[in-house]
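# An overview of the molecular structure
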Amino acid sequence: SMREIIHRRYSRLMEEKQPLPDLIMVDGGKGQLSSAITSLDELGMKGYEIIGLAKRLEEVFLPGESEAQSIPKTSSSLKLLQHLRDEAHRFAITFHRERRSKRTFTSELLEIKGIGEKVAQKLLTSFSLDEIKTADETKLAEVIGLTKAKLVFEKYH
């Protein structure tokens, strides 16, 4: 999956003729770093800077070096790298939870006879999960029409 993600991200940057980042940081050790480098090489990229940050011992891996580089635990550089990694994790987890929540709820809406994919998407772009469940028919009707609003309202009331 590391190769796939790196390939998608950087092929898009290249297609859009966007500048490369000053430093690519991979979350993981030797294996993940190696996969990322393979993917970048397959894209024909040159002149990039890349490191891997392994969480267990907070070691930094550099391309072409078999041993990890240790950065003192009190180093502000290490704290910056950790903060970047933790922020990327937070962003990814939040994104994943939102997608999972919408997917679960969309399928629940699709169980209502007469509600299709487009109507479900309209509702989800206008309301949160709790708002749909507690909204009155009038509020729902403003988005999806009275007939469909009655179906949704009856499901949750």
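Rules behind the numbers
Residues numbered from 1 in each chain as written. Predicted model: local features only at pLDDT ≥ 70, side-chain atom pairs only at ≥ 80, totals over all residues. Heavy atoms only, no water. Helix = DSSP H or I, 4+ residues; strand = E, 2+ residues; numbered from the N terminus. Buried < 20%, exposed > 50% of the residue type's maximum accessible area, 1.4 Å probe, protein only. Pairing = 2+ DSSP bridges. Contact = heavy atoms within 4.5 Å. Axes fitted to C-alpha atoms, helices over the stretch in contact; angles between N-to-C directions. Polar contact = N/O pair within 3.5 Å; in protein donor to acceptor, adjacent residues only side chain to side chain. Right-handed = clockwise from strand over helix to strand, strands pointing away.

### As for unusual backbone geometry
- Look at Lys 17: it is not a glycine, yet its phi comes out positive at around 55°.
- By the secondary structure assignment, Lys 17 is in the loop between helix H1 (2-15) and strand E1 (24-27).
- Look at Lys 17 and you get exposed, because its relative accessible area is 73%.
- Backbone geometry places Glu 58, a non-glycine residue, at a positive phi of 55°.
- Among the secondary structure elements, Glu 58 is positioned in the loop between strand E2 (50-54) and strand E3 (59-61).
- In this structure Glu 58 comes out as buried when scored by relative accessible area, which is 13%.

### Observations regarding the sheet that holds E1
- Read from one edge of the open sheet, four strands run E1-E2-E3-E4, paired in mixed fashion. Of all the strands in the sheet, the pair left with one neighbour each is E1 and strand E4 (69-70).
- In this sheet, E2 lies alongside E1 in parallel orientation, the contact comprising four bridges. Within E2, the position partnered with Met 25 by the bridge is Ile 51.
- The strands touched by helix H2 (residues 30-42) within the sheet are E1, E2 and E3, with E2 carrying the most contacts at an inclination of about 155°.

### Examining the side chain of Arg 85
- Turning to its location among the elements, Arg 85 is positioned in helix H3 (residues 76-110).
- Given the relative accessible area of 4%, Arg 85 is considered buried.
- Here Glu 58 takes part through its side chain, which lies 2.9 Å from a polar atom of the side chain of Arg 85.
- If sequence neighbours within four positions are ignored, Arg 85 has contacts with Met 25, Asp 27, Leu 53, Lys 55 and Glu 58.

### So, the pairing of E2
- Among the five residues that make up E2, five are buried, leaving the element largely enclosed by the rest of the structure.
- Burial along E2 is two-sided: Ile 50, Gly 52 and Ala 54 and Ile 51 and Leu 53, pointing in opposite directions, are all buried.
- As for the winding sense of the linkage, the β-α-β connection from E1 through H2 to E2 is right-handed.
- Connecting the antiparallel pair E2 and E3 is a turn made up of four residues, with Glu 58 showing a positive phi of about 55°.

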